[in-house]
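Summary of structural features
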Amino acid sequence: MPSYIQAGLCIPFCPWLCDVLCVHRARLWSAERKWRKSKDPTDLCLYQSLLSLLISQYYHSEINNLPDSRTLLKTHACFPSFSLLSEAEVSKIISFNHASPPGHGWGLVLILLDLSAAFDIVHPILLLTLKAMDVSGMVLQWFKSYLSGALAGVIDIAADWMNDLKEGVCLSAMWFNHEQCCWGSNETTFAERDKCPQWKTWAELILGQAEGPGSYIMNYFMFTFWALSFAFLAVSLVKVFAPYACGSGIPEIKTILSGFIIRGYLGKWTLMIKTITLVLAVASGLSLGKEGPLVHVACCCGNIFSYLFPKYSKNEAKKREVLSAASAAGVSVAFGAPIGGVLFSLEEVSYYFPLKTLWRSFFAALVAAFVLRSINPFGNSRLVLFYVEYHTPWYLFELFPFILLGVFGGLWGAFFIRANIAWCRRRKSTRFGKYPVLEVITVAAITAIIAFPNPYTRQNTSELIKELFTDCGPLESSQLCQYRSQMNGSQAYPEGSEAAATPGVYSAMWQLSLALIFKIIMTIFTFGLKVPSGLFIPSMAIGAIAGRIVGIAVEQLAYYHHDWFLFREWCEVGADCITPGLYAMVGAAACLGGVTRMTVSLVVIVFELTGGLEYIVPLMAAVMTSKWVGDAFGREGIYEAHIRLNGYPFLDAKEEFTHTTLAREVMRPRRSDPPLAVLTQDDMTLGELQNIISETSYNGFPVIVSKESQRLVGFALRRDITIAIENACRKQERIVLNSRVYFTQHAPTLPADSPRPLKLRSILDMSPFTVTDHTPMEIVVDIFRKLGLRQCLVTHNGILLGIITKKNILEHLEELKQHVEPLAPPWCYYKKRYPPSYGPDGKPRPRVHNVQLASSSSRYEEENEEVHLLDNSSL
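**A few points about the pairing of strand 6 (residues 712-717)**
- Of the strand pairs in this sheet, strand 5 (residues 700-704) and strand 6 are connected by five bridges, and their pairing is antiparallel. Directly across from Val 703, in strand 6, lies its bridge partner Gly 714.
- By the bridge criterion, two bridges tie strand 6 to strand 9 (residues 764-765) in an arrangement that is antiparallel. Bridging across to strand 9, Ala 716 finds its partner in Leu 764.

Written out as structure tokens, the structure is:
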């Protein structure tokens, strides 16, 4: 048994014995390994039983017999750990036994020896059990989730501080934001709770005055200056150090999880730059959020830690499972919704989601949420800034405005997708896209200049959503709740008019309407800039603004027309039956669902934000309505649209393949294409192999027996071939251009004066995925989706015909969309496969077991018509 296990076992019994074992850890471990090779476990149990009997006899005998126990401990062969103890150490053990009360001397040492013997037998089984439990996977998930939660907390704290830096600074502590600066102040009032002597605006610091036109202009200028500075720094860092750090990252994550590799996209530089620039982009005031990029950050953490474990670093399929769990952790820390993160990974991101990935995602989301909760970045003991709770139930007649919000969300989603894709396509096709820094600075300047005069566009978007979600109460001082705060403060309105809106509420509604138009326009031009930009928060803000406006309108309608049949049964006079904050929450879910086309995961995420079960039905109604309305204009979400715009090889698992084409109609090469580049197993030279590699750009090459037989042997990747050739030329002698290259087990027979051959069998995939030429494309597409394949070889009776890549399938799907094929196959489709009862000569065809057979000549003509075999010249 390892010495560290023995030391752990003896801690409750004798601490000084642990010290003895720790001193001899190296000697004990080497001696135990040597003994374990020569002793049998059965003899171990026998010796242990004998030792127990002898120690019991010595324990009940006189003290003079103790030297025999010393001899026993020193010479006992069953426990080499104790046989290595020095004379002084054994005397220490016996003195401990003599000084201990009955039942705590040799008895405890005996228990230790019993446990030691048991663990010598059990610990191999324990190691196998830990291996079966996939401890490495659990450790990887823990490290990845811990770092994701810690980075999310740092991003939240830094973004809040830098966002408040645009308005002023805390003199007592520079690292405090506005809210933290005024927490300890005793000079704040309820009406002006955001004002305290410790917090100074830039006008107060520079001009020495807080009011007046001069201070307004100075604050306006400093707000714009800081916004442009943050935006310029963010886009510069992305352009210079990590171009992959821009955007949301979710379209690329979906593509990577489908089996496509984007090298460097999940690297350490991308993680570092995206973390820094995400804070700068959010603080610049652009119409974007940090929730989407947090998924990219979490996946970067998962990819980096996976290289510490060979099980995941050398297996792309295992690594994709880690990334699926990482995306769940990213959404968990973004919205404080662990269950919603798991469902998001299942519904929106993952290509293949087995059961073990489900509980790994759950564990990752749990750890990430726990770490973020421990950091408490918002100071409200919650995982998100806009956590709210409602205490008023919803009524049946409110389903109608909820469905209207769903319609608005679907229309907004369809409009945004088309407008944003059109602008991004124009950016790619014009010279304007060649200057990303200028574009970001221009958008940031327009955003800052227009946003400052309106208080609802000046503040952080998360704070805006929090204010729109919050239900009005006696402690709320927002302008949206003035009709309640004024009534509670001074009884300015007659009794019973507690739901009547004041001019302040109507003024706030006009400002919200302008903010809605501003957010819609700027979000279209912001998403897709060369800075980290998420879409969740801007979409939720647009829906929350629209929902709050609708909620206030329904509230005032219920107050002034409470005798209508819609309100008469549910709303009493003077009662609060309408919650405008609930409408804001439903509108936020509807707009986000219209953009992303999420359903189940979105409802659960918003449900976890509110903590109320009774609002699931309104959320479901609005989200489903937005999806139906959005699908009427196009079934693609914003992420699928950007995948198609960027040309990524992605097969959407939500689309059904209903066509009747075959694999031979999609495979390459076609009749007019150049021949397929293949390798032979034992009759190529190194120079010929290097010429094929240099003249082509394929990622791999099929290996066949010979150009005459065309029998498939395997598949070799281009990268593996290149690395193997470089290593062979560097480490092996007599490897020249005339060296024979072979993929077989044994070297071919060569002349005596020939150079040394090069064996590449170790890099050959002997079992590449293949389909026959008559395999329906419906099955081929499903295989590519489920397994994440990059290519598939097409054969006919073992003979290589061609290859199908994911790009070939995408091109085929585009052709089918342009020329819609009927769902039912045409009559000639079956006519080719099933010949008539009579042949061309008028005689009946032969039958075998009541099956009509074609003649040899007609079969030959049919094969030539349906199957295009590669001739010798094409290889």
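**Looking at helix 31 (residues 638-646)**
- Among the nine residues of helix 31, seven are classified as buried, and the element is accordingly described as predominantly covered.
- Taken together, the buried positions of helix 31 are Ile 638, Tyr 639, Glu 640, Ala 641, His 642, Ile 643 and Leu 645.
- Gly 647 sits one or two residues past helix 31 and shows a positive phi near 75°.

**Here's the deal with the state of the cysteines**
- Evaluated as defined, the whole model comprises one disulfide.
- Disulfide pairing places Cys 170 opposite Cys 181 at an S-S distance of 2.2 Å. Here the S-S torsion is close to 75°, and the disulfide linking Cys 170 with Cys 181 is therefore right-handed. Residue Cys 170 is located in strand 1 (residues 168-170), and its partner Cys 181 is located in helix 10 (residues 178-181); the two are separated by 11 residues in the primary sequence.
- No disulfide involves Cys 300; its sulfur sits 6.9 Å from the nearest other cysteine sulfur, which is in Cys 301.

**Regarding a nonpolar patch on the surface**
- The grouping of Val 135, Val 139, Trp 142, Phe 143 and Tyr 146 at the surface amounts to a nonpolar patch, some 430 Å² of accessible area in total.
- By the element assignment, Trp 142 lies in helix 9 (residues 135-165).
- You can call Trp 142 partly exposed: its relative accessible area is 38%.

**Observations regarding the pattern of salt bridges**
- Counted by the stated rule, this structure contains 11 salt bridges.
- With its nearest N and O atoms 3.2 Å apart, the salt bridge here joins Arg 668 to Glu 811. Here Glu 811 lies in helix 35 (residues 806-818) and Arg 668 lies in the loop between helix 31 and strand 3 (679-680), a separation of 143 residues in the sequence.
- Via salt bridges that share partners, Glu 321, Lys 356 and Arg 360 belong to a single interconnected network.

**Let's talk about the environment of Ile 421**
- Residue position: Ile 421 is located in helix 20 (residues 399-429).
- Using a relative accessible area of 7% as the deciding quantity, one classes Ile 421 as buried.
- The residues contacting Ile 421, other than those within four sequence positions of it, are Ala 641, His 642 and Leu 645.

**What to know about the side chain of Arg 597**
- For Arg 597, the location among the structural elements is in the loop between helix 28 (580-596) and helix 29 (600-610).
- Classification of Arg 597 as buried rests on a relative accessible area of 4%.
- Within the local environment of Arg 597, its side chain forms a polar contact with the backbone oxygen of Gly 634, the two atoms lying 2.5 Å apart.

**So, the sheet that holds strand 10 (residues 770-772)**
- Spatial ordering of the open sheet is given by 10-11-12, a layout of three strands whose pairing is mixed. In this open sheet, the two strands that pair with only one neighbour each are strand 10 and strand 12 (799-805). Pairwise comparison of adjacent strand axes, ignoring direction, gives a mean angle of 35° for this sheet.
- Two strands pair when backbone bridges link them, and strand 11 (residues 791-796) and strand 12 are joined in this way by six bridges, in the antiparallel orientation. Along strand 12, the bridge assignment pairs Leu 793 with Ile 803.

Basis of the calculations
- Residues numbered from 1 in each chain as written.
- Predicted model: local features only at pLDDT ≥ 70, side-chain atom pairs only at ≥ 80, totals over all residues.
- Heavy atoms only, no water.
- Pairing = 2+ DSSP bridges.
- Helix = DSSP H or I, 4+ residues; strand = E, 2+ residues; numbered from the N terminus.
- Buried < 20%, exposed > 50% of the residue type's maximum accessible area, 1.4 Å probe, protein only.
- Disulfide = S-S within 2.5 Å.
- Patch = residues over 30% accessible without salt bridge, like charges linked within 9 Å, V, L, I, M, F, W, Y side chains within 5 Å.
- Areas by Shrake-Rupley, 256 points an atom, 1.4 Å probe, with all protein chains shown as cover.
- Salt bridge = Lys/Arg side-chain N within 4 Å of Asp/Glu carboxyl O.
- Contact = heavy atoms within 4.5 Å.
- Polar contact = N/O pair within 3.5 Å; in protein donor to acceptor, adjacent residues only side chain to side chain.
- Axes fitted to C-alpha atoms, helices over the stretch in contact; angles between N-to-C directions.

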